[in-house]
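Chain by chain, the residues:
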Amino acid sequence: MSIKHNLSKITSLLPKNVTLVAVSKTKPVSDLMEAYNAGQRIFGENKIQEMVEKHEQLPKDIEWHMIGHVQRNKVKYMAEFVNLIHGVDSLKLLKEINKQAKKYDRVISCLLQIKIADEDSKFGMSSQEAKELIVSEEFSELKNVTITGVMGMATFTDNTNQIEQEFKRLKVTFELLKTIDNSLETISMGMSGDYSLAIDCGSTMIRVGSSIFGSRNYSN
Ligand SMILES: *Cc1c(COP(=O)(O)O)cnc(C)c1O
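Residues numbered from 1 in each chain as written. Predicted model: local features only at pLDDT ≥ 70, side-chain atom pairs only at ≥ 80, totals over all residues. Heavy atoms only, no water.

Considerations on unusual backbone geometry
A positive phi is found at Thr26, a non-glycine position, where the angle reads about 70°. In this fold, Thr26 is placed in the loop between strand 1 (19-23) and helix 2 (29-37). Take Thr26: its relative accessible area is 33%, and that puts it in the partly exposed class. Of note in the backbone geometry, Asp105 takes a positive phi value of approximately 55° without being a glycine. Counting through the fold element by element, Asp105 comes out in the loop between helix 5 (91-103) and strand 5 (108-113). (Helix = DSSP H or I, 4+ residues; strand = E, 2+ residues; numbered from the N terminus. Buried < 20%, exposed > 50% of the residue type's maximum accessible area, 1.4 Å probe, protein only.)

The structure is reproduced here in structure tokens:
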């Protein structure tokens, strides 16, 4: 199946309020170009260096989303162009993003990553921590970042019930935070295996990789 075909299969079934992030990590720029030529403009990467290299080579009307865990010392490499950072999980990281965004006179949009999975391996904040962050004075002083929503990753499991519970947890957290900041609009949840379920649970942004580009090969 071609990338173009995969994309149109997914987008044709997508509700209007749901944004598709094409997750292109590990894939060559030729694959991204194929998606671009089929109309896709939002791409997600999980490594800053890889995103920087692809950004340099590809058309400038692409929106780049950082979906992976962000190391503070690498924020400076993407501050000039990144459109949305999904995995923000501390005030410390927000401060660094703010500092680097300021150098380019930009305001960078961020999502707070909420820990919804039971696994220890997943990064993220509790909903209480997220709430404390957005009401804090320190956060209100950061003029070059804005929080536009939340992001979460469900447990890697075949148990649909469990995934559904975790997605619902993120939706509840979103609604809670929205009572504090009514401008929040994004719930980033759902990947190739579970995006339909995520949409049923309230997702407004899905991050889909292998269903568009095929399975990834990490060996090279
Ligand atoms: C790789 C990745 C995805 C996409 O995963 P697929 O199963 O290939 O769709 C989504 N979100 C994050 C954070 C990822 O790292």
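Quick notes on the site of the ligand
Neighbouring residues of the ligand: Val23, Lys25, Ile67, Met151, Met153, Met191, Ser192, Arg207, Val208, Gly209, Ser210 and Arg216. In this structure, an oxygen atom belonging to the ligand sits 2.5 Å away from a side-chain N or O atom of Ser192. In the complex, 90% of the free accessible area of the ligand, which totals 390 Å², lies under the protein chains. Class assignment of the residues belonging to the shell around the ligand gives a composition of six nonpolar, three polar and three charged. (Near = heavy atom within 4 Å. Polar contact = N/O pair within 3.5 Å; in protein donor to acceptor, adjacent residues only side chain to side chain. Areas by Shrake-Rupley, 256 points an atom, 1.4 Å probe, with all protein chains shown as cover. Nonpolar A, V, L, I, M, F, W, Y, C, P; charged D, E, K, R; others polar.)

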